[in-house]
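Understanding the architecture of this molecule
So the chains spell out like this:
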Amino acid sequence: MAAFRLPRVEDFSHRLRGPQVTSRVGVWLGVAFGVCFLTGLWSHVQQTTPGWLTIAPSPAWLYRATQGIHIITGTAAVPLLLIKLWSVFPLFFRRPPRAPSRALLVDTLERLSIGVLIAAAIFQLTTGLLNVVQWYPWEFSFRATHYAVAWVAIGALLLHIAVKLPIISSALRGDIDAPVDPETRMPDDDAVRDDDVVPVDGEDADAMVSRRDLVRATGVASLLAMVLTAGQTVPWLRNVSFLAVRSGEGPQGVPINRTAREAGIPEDISGWTLELVWDGTSVSLSRAQLEALPQSDHTLPIACVEGWSASALWSGIPVHDLAAIVGAPQGCVARVQSLQTRGAFGSSELPEQFVADERTLLALTINGETLSADHGFPSRIIAPNRPGVRQTKWVNRMEFVV
Ligand SMILES: Nc1nc2c(c(=O)[nH]1)N[C@H]1C(S)=C(S)[C@@H](COP(=O)(O)O)O[C@H]1N2
Ligand SMILES: [Mo]
């Protein structure tokens, strides 16, 4: 039996590997990660808005678009990352310089930075996908961790691009199917190309696949990953998105993220009232009293941070009319509370520009029907350009503060 030997770069001499594939797939992966990072940053800002920034309620569909794109680009990155890792993993077995030297230091730093990049990229895509299917097999806070690691990933990515720029630009300019020197990773445009040797039918048929074919197939896989899932946010793709976690449809025309039972909403809420509070004044209204107030209709989307979204026709009372009932002034914010007894997202705060917007409703109906228990009966918030997690259901108290 042969003694165990650590593999060497030359042991993995697949003809299709080479910087031409790595850099072409890498460009698309870089674009996907860049867009995913920026839209993710935007989502973070929409959920934790710094004091110096005011987020406008218009356009109403903005968060729907940015978060849809965030999930779509993250999904598109999965096949790209897999092929890119396949195209470079033999380099992992390249032996570092033996003697302590500058070269060894550079080699070690490069391995470290690439290790960080790969770990962060895999972590982001895995946690993101698991969040889409709402499975949390971990203890840490998804949002805080996904956000922090995003900075690590983008930093390591920029460093990686800077270090590899010479190899990227030569690989992109040269012949995609030129043979590659396994040690230097430089394409050799003058060497005899192995696809100049025409394979005999049936003898070496797989030699017919060129690097160009591989890059194209990777692009198709990435496109498929997008098209097969994007229907959860792009209505006209609904019928082809077989792999989407949510269909974009559901009871009363909108999916449900957390049911009334999961949120621990009491079974009997017949004595429910809405309490409005401003500066020591408090008014309680029954659902019948709310129905007797002037109602407004608006078509607005629910845009979940998990990437699904759906538009519906809502009707209810503008929140600024409710503020006026207790005499709260222009420029107040609304602290919204719900009947929820279990889990997160049971309360939210509407900044002043959302309270002032006439489309921000305490909704009583959805698509012409009384809200079902799972959509937030007796009343819920629906506001334009808001992350789904802030569209609080089962509202029973709103306090206005300046
Ligand atoms: N009280 C309460 N409101 C909530 C939630 C919740 O868990 N509790 N989930 C939010 C999330 S994450 C989304 S995406 C929307 C979904 O609303 P829907 O179930 O009516 O589609 O409700 C939001 N409102
Ligand atoms: Mo959500």
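Residues numbered from 1 in each chain as written. Chains lettered and ligands numbered in written order. Predicted model: local features only at pLDDT ≥ 70, side-chain atom pairs only at ≥ 80, totals over all residues. Heavy atoms only, no water.

**Details of the nonpolar core**
By size, the foremost hydrophobic cluster in this structure holds 33 residues, and its most contacted members are Leu290, Leu322, Leu350, Met398 and Phe400. Those elements that place two or more of their residues in this core are strand E1 (274-278), helix H7 (319-325), strand E5 (333-338), helix H8 (352-356), strand E7 (361-366) and strand E10 (395-401). If sequence neighbours within four positions are ignored, leucine 350 has contacts with Val319, Val333, Ala334, Val336, Val355, Thr360, Ile381, Ala383 and Arg386. Val25, Phe33, Ala77 and Ala156 belong to the second largest nonpolar core, which has 20 residues in total. (Core = buried A, V, L, I, M, F, W, Y, C linked by side-chain atoms within 4.5 Å. Buried < 20%, exposed > 50% of the residue type's maximum accessible area, 1.4 Å probe, protein only. Helix = DSSP H or I, 4+ residues; strand = E, 2+ residues; numbered from the N terminus. Contact = heavy atoms within 4.5 Å.)

**What to know about the confidence of the model for the chain**
Averaged over every residue, the pLDDT of the chain is 92; the share at 70 or more is 93%. Confidence over residues 195-200 falls short of pLDDT 50; this stretch has 3 contacts with residues more than four positions distant or in other chains. (pLDDT = per-residue confidence, 0-100.)

**Quick notes on a nonpolar patch on the surface**
Together, Val27, Trp28, Val31, Val35, Ile69 and Leu172 make up an exposed nonpolar region whose accessible area comes to about 500 Å². At 4 residues, the largest contribution of residues to the nonpolar patch is made by helix H1 (residues 19-47). By the element assignment, valine 31 lies in helix H1. (Patch = residues over 30% accessible without salt bridge, like charges linked within 9 Å, V, L, I, M, F, W, Y side chains within 5 Å. Areas by Shrake-Rupley, 256 points an atom, 1.4 Å probe, with all protein chains shown as cover. Salt bridge = Lys/Arg side-chain N within 4 Å of Asp/Glu carboxyl O.)

**What to know about the site of ligand 1**
Surveying the vicinity of ligand 1 reveals 21 residues, the closest of which are Pro255, Gln340, His375, Arg380 and Lys393. Taking glutamine 340, its side chain carries an N or O atom lying 2.5 Å from a nitrogen atom of ligand 1. Between histidine 375 and ligand 1, the recorded distance is 2.6 Å, taken from a side-chain N or O atom to an oxygen atom. Relative to its unbound accessible surface of 530 Å², ligand 1 loses 99% to contact with the protein. Counted by class, the shell around ligand 1 contains 10 nonpolar, 8 polar and 3 charged residues. (Near = heavy atom within 4 Å. Polar contact = N/O pair within 3.5 Å; in protein donor to acceptor, adjacent residues only side chain to side chain. Nonpolar A, V, L, I, M, F, W, Y, C, P; charged D, E, K, R; others polar.)

**Considerations on unusual backbone geometry**
With an omega of -5°, the peptide bond running from serine 58 to proline 59 counts as cis. Put simply, phenylalanine 377 and proline 378 share a cis peptide bond, and its omega is 10°. Mapped onto the elements of the fold, proline 378 is located in the loop between strand E8 (369-370) and strand E9 (380-382). Of note, the phi angle at glutamine 134 is positive, near 55°, even though the residue is not glycine. Position of glutamine 134 relative to the elements: it lies in the loop between helix H3 (102-132) and helix H4 (142-173). A positive phi is found at tryptophan 394, a non-glycine position, where the angle reads about 55°. Position of tryptophan 394 relative to the elements: it lies in the loop between E9 and E10. The exposure class assigned to tryptophan 394 is buried, which follows from its relative accessible area of 3%.

**Let's talk about the packing of H1 against helix H5 (residues 211-227)**
For the pair H1 and H5, interaxial distance at closest approach is 10 Å and the crossing angle is 25°. Compared by their axis directions, H1 and H5 come out roughly parallel. Judged by the twist between their axes, the crossing of H1 over H5 is right-handed. Facing Gln20, Val21, Arg24 and Val25 of H1, the residues of H5 in contact are Arg211, Leu214, Val215 and Thr218. Here the contact of H1 with H5 is built from residues that sort into 4 nonpolar, 2 polar and 2 charged. (Axes fitted to C-alpha atoms, helices over the stretch in contact; angles between N-to-C directions. Parallel < 35°, antiparallel > 145°, perpendicular 65-115°, else oblique. Left-handed = near helix turned anticlockwise from the far one by under 90°.)

**Observations concerning the pairing of E5**
Across 6 bridges, E5 lies against E10 in antiparallel orientation. Looking at E10, one finds that arginine 335 is bridged to glutamate 399. By the bridge criterion, 4 bridges tie E5 to strand E6 (residues 347-350) in an arrangement that is antiparallel. Within E6, the residue paired with valine 336 across the bridge is serine 348. (Pairing = 2+ DSSP bridges.)

**A closer look at the pairing of E7**
The element E7 is largely enclosed, with a buried count of 6 among its 6 residues. As paired elements, strand E4 (residues 309-318) and E7 share 5 bridges and run antiparallel to each other. Residue pairing in the sheet places proline 318 in a bridge with leucine 361 of E7. As defined by bridge partners, E7 adjoins E9 across 3 bridges and the pair is classed as antiparallel. Bridge pairing in E9 places leucine 361 opposite isoleucine 382. Bridge count between E7 and E8: 2 bridges; the pairing is antiparallel. Counterpart to threonine 365 in the pairing with E8 is threonine 370. The loop that links E7 with its antiparallel partner E8 comprises 2 residues; one of these, asparagine 367, has a positive phi angle of about 45°.

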